[in-house]
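Now for the letters of each chain:
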Amino acid sequence: MTAERYPDAMNAVMTHLQRDSAEHSVRVAQAAARLAEAYGSDVEDARIAGVLHDWCRDVGGAELLRRATDAGLPVTAVDTRTPYLLHGPLAAVELRVEFPWLSSQVLDAIAVHTYGSADIDTLGMILYVADSIEPGRTHEGVQELREAVGEVPLSELFARTYAASLRHLVAARRPIHPATAETWNARVAGDRP
Ligand SMILES: [Fe+2]
Ligand SMILES: [Fe+2]
C-alpha cells in the first residue's frame, strides 16, 4: 500500500498540473529524495512532499486569493499584492482533502515552501532546498548550492539557499512577506552586534 503512494501522487500531479509544472514537481521529488538520503531523513516522505508541493502552482492569482480566504488562511497585504505566494499554504489545505493519508509533516513542509517558517523542520528544509536546486534551476549560485549537498549541515544548506532567494527578491524589488523576515531572523541571520 505504502509503496504505491508515490506513483499515485505522481500520476495525480501529471493530470492536475500543466506539463512544465508537473515536470518540475518530479525533478523536485528526485532532488528531495537525494537530499533525504544525504541527511539521513525519510526518503519516501521527501519524494511525496516534492512531487505534491506545487499542487496549486497553476491556479491564477485572484482564484488563489479567493480559495485561501475561503479556507481561512491568513492573507497579508503582501499576499494580496503577490497572491502567487499562497500556492504553498493553499496546497496543504487542498491536499489534506485529496490525499487523506498524507502526514501532517509532509503537509507542513508543503505549506511553508514559498515563505519558509521560523520553525521549519528537517523535511521543510529538504523540500525548500530541493525546490531551489533541482536540475531545471539556473539562478546565480545554484551550482555552489548543489555542490554543498552533504558537505555542510542541512541547516547551513537551507540558510545559504534562503539567502540566495532573498537576494533575488531584493534585487527584483519584490515585496518581502512577514514570514520571510521571521524565517530570516530565526534561521539565517547571525548574531553579530
Ligand atoms: Fe512552489
Ligand atoms: Fe516548486
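Residues numbered from 1 in each chain as written. Chains lettered and ligands numbered in written order. Predicted model: local features only at pLDDT ≥ 70, side-chain atom pairs only at ≥ 80, totals over all residues.

Trainee: What is the right way to read the overall build of the chain from this model?
Mentor: Across its full length, the chain holds 11 helices and zero strands. In the chain, the order of α-helices and β-strands from amino to carboxyl end is α-α-α-α-α-α-α-α-α-α-α. At 16 Å, the chain has a C-alpha radius of gyration in line with the 16 Å of a compact globule built from 193 residues. If you line up the chain on its principal axes, its C-alpha atoms span 50 × 40 × 30 Å. Looking at the chain as a whole, 38% of its 193 residues qualify as buried. Within the chain, contacts between residues at least 6 apart in sequence are counted, and of these 61% link residues at least 24 apart. (Helix = DSSP H or I, 4+ residues; strand = E, 2+ residues; numbered from the N terminus. Rg over C-alpha atoms; globule rule 2.2 N^0.38 Å. Buried ≥ 20, exposed ≤ 12 C-beta atoms within 10 Å, placed from the backbone. Contact = placed C-beta atoms within 7 Å.)

Trainee: Help me out: how do you make sense of the nonpolar core in this one?
Mentor: Here is a general trend for soluble globular proteins: nonpolar side chains tend to be buried in one another's company. Residues A32, A49, L52, I110, I126, V129 and A130 are the most contacted members of the largest nonpolar core, which totals 47 residues. The set of elements that each furnish at least two residues to this core consists of α1 (5-16), α2 (19-38), α3 (43-52), α4 (61-70), α6 (87-98), α7 (104-111), α8 (122-133) and α10 (154-171). The residues contacting A49, other than those within four sequence positions of it, are A32, V106, A109, I110, L123 and L127. (Core = buried A, V, L, I, M, F, W, Y, C linked by C-beta atoms within 7 Å.)

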